[in-house]
Amino acid sequence: MRTAALCIMVLAFMCAATVSAGDGPAWFDMEKCGFCKHLMEDAELLDHCIWEHHKIDNGMVSVTTVDKEYLPSFRTAMKKMEETGKKMETGEMVPMCGMCTSMGALMMKGAKFDAIETKVGSVLILTGTTPELVAEIHGICDKNNEELKKLEAKGMHE
């Protein structure tokens, strides 16, 4: 099923740890974000995941690779994130980090999400139909990569 909730859930998975983005919510927030917090339920999961974000002409492709022995934890977290998204569809308010908030805004502007479950994780393709929307998507791709580099500099797994 390719619902808005599923797309937010897949995007939320890309969060790797709590990273401050200045004013407002942290860009990635594993403690306060109603989606990302599910990734912390298995304390070892994040150390066994790799996130890649790549610009394409009309948006971005995000690839998540998970070590085989942690795929069950990954799938469980994804299911819980989807359940959180369904709560939002009924009007329930859920706290979100900066990245998840930005993705939600893109969805409201008409960005197209294709989420694909793979044998080793997931792939998300996020595209826009206007130059302005594509520029926003590219900006989020850049921000994700920038924040992940900060994590790597701190010695944390990407």
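The following paragraphs examine the structure supplied in this document. Since this is a predicted model, take the numbers as computed values, not measurements.

Thoughts on the pairing of strand 3 (residues 112–118)
Moving on, step 1. Sheet analysis places strand 3 next to strand 4 (residues 121–127), joined by seven bridges and oriented antiparallel. Each residue of the ladder has a partner; that of Phe113, found in strand 4, is Leu126.
Moving on, step 2. Connecting strand 3 to the antiparallel partner strand 4 that follows it, the hairpin turn spans two residues.

Topic: the packing of aromatic side chains
Moving on, step 1. As enumerated under the stated definition, the model contains zero aromatic pairs in all.
Moving on, step 2. A cation over an aromatic ring shows up here: Lys143 above the ring of Trp27, its NZ or CZ 5.8 Å from the ring centre.

Things to note about the packing of helix 3 (residues 98–108) against helix 4 (residues 131–153)
Moving on, step 1. The N-to-C vectors of helix 3 and helix 4 enclose an angle of 165 degrees; their axes lie 11 Å apart at closest approach. Classed by the angle they form, the pair helix 3 and helix 4 counts as roughly antiparallel. Note on packing geometry: the crossing formed by helix 3 with helix 4 is left-handed. Taking contact as the criterion, the partners of Met99, Ser102, Met103 and Leu106 in helix 3 are, on helix 4, Leu133, Glu136, Ile137, Ile140 and Asn144.
Moving on, step 2. A class-by-class count of the residues in the contact of helix 3 with helix 4 yields six nonpolar, two polar and one charged.

A look at helix 2 (residues 71–89)
Moving on, step 1. Taking 1.5 Å per residue as the helical rise, helix 2 with its 19 residues ought to reach 27 Å, and the 27 Å between its terminal C-alpha atoms agrees with that figure.
Moving on, step 2. All of the buried residues in helix 2 are Leu71, Phe74, Ala77, Met78, Met81, Glu82, Thr84 and Gly85. The arc that holds the buried residues of helix 2, viewed along the axis, is 160 degrees, so those residues lie on one side. Seen from the buried face of helix 2, the exposed residues on the opposite side, beyond 90 degrees, are Pro72 and Lys79.
Moving on, step 3. Positive phi appears at Gly91, one or two residues downstream of helix 2, with a value of about 100 degrees.

A closer look at the pattern of salt bridges
Moving on, step 1. Tallied over the full model, the rule gives nine salt bridges.
Moving on, step 2. Between Glu117 and Arg75 there is a salt bridge, and its shortest N-O distance comes to 3.7 Å. In this pair, Glu117 is assigned in strand 3 and Arg75 in helix 2, connecting sequence segments 42 residues apart.
Moving on, step 3. Taking relative accessible area as the criterion, Arg75 reaches 23% and is therefore assigned partly exposed.

So, the sheet that holds strand 1 (residues 49–56)
Moving on, step 1. Taking strand neighbours across the sheet as the criterion, the four strands line up as 1-2-4-3 in an open arrangement whose pairing is antiparallel. This sheet does not close on itself; its edge strands, each paired only once, are strand 1 and strand 3. Averaged over neighbouring strand pairs, the angle between their axes works out to 10 degrees when direction is ignored.
Moving on, step 2. Each of strand 2 (59–66), strand 3 and strand 4 is contacted by helix 2, which is oriented at about 40 degrees to strand 4, the strand it contacts most.

Scoring rules and cut-offs
Residues numbered from 1 in each chain as written. Predicted model: local features only at pLDDT ≥ 70, side-chain atom pairs only at ≥ 80, totals over all residues. Heavy atoms only, no water. Pairing = 2+ DSSP bridges. Helix = DSSP H or I, 4+ residues; strand = E, 2+ residues; numbered from the N terminus. Phe/Tyr/Trp six-rings, centres within 6.5 Å; stacked < 30°, edge-to-face > 60°. Lys NZ or Arg CZ within 6 Å of the ring centre and 35° of its normal. Axes fitted to C-alpha atoms, helices over the stretch in contact; angles between N-to-C directions. Parallel < 35°, antiparallel > 145°, perpendicular 65-115°, else oblique. Left-handed = near helix turned anticlockwise from the far one by under 90°. Contact = heavy atoms within 4.5 Å. Nonpolar A, V, L, I, M, F, W, Y, C, P; charged D, E, K, R; others polar. Expected span 1.5 Å × (residues − 1). Buried < 20%, exposed > 50% of the residue type's maximum accessible area, 1.4 Å probe, protein only. Arc of directions from axis to C-beta. Salt bridge = Lys/Arg side-chain N within 4 Å of Asp/Glu carboxyl O.

All quantities given are derived from atomic positions and should not be read as evidence of function.
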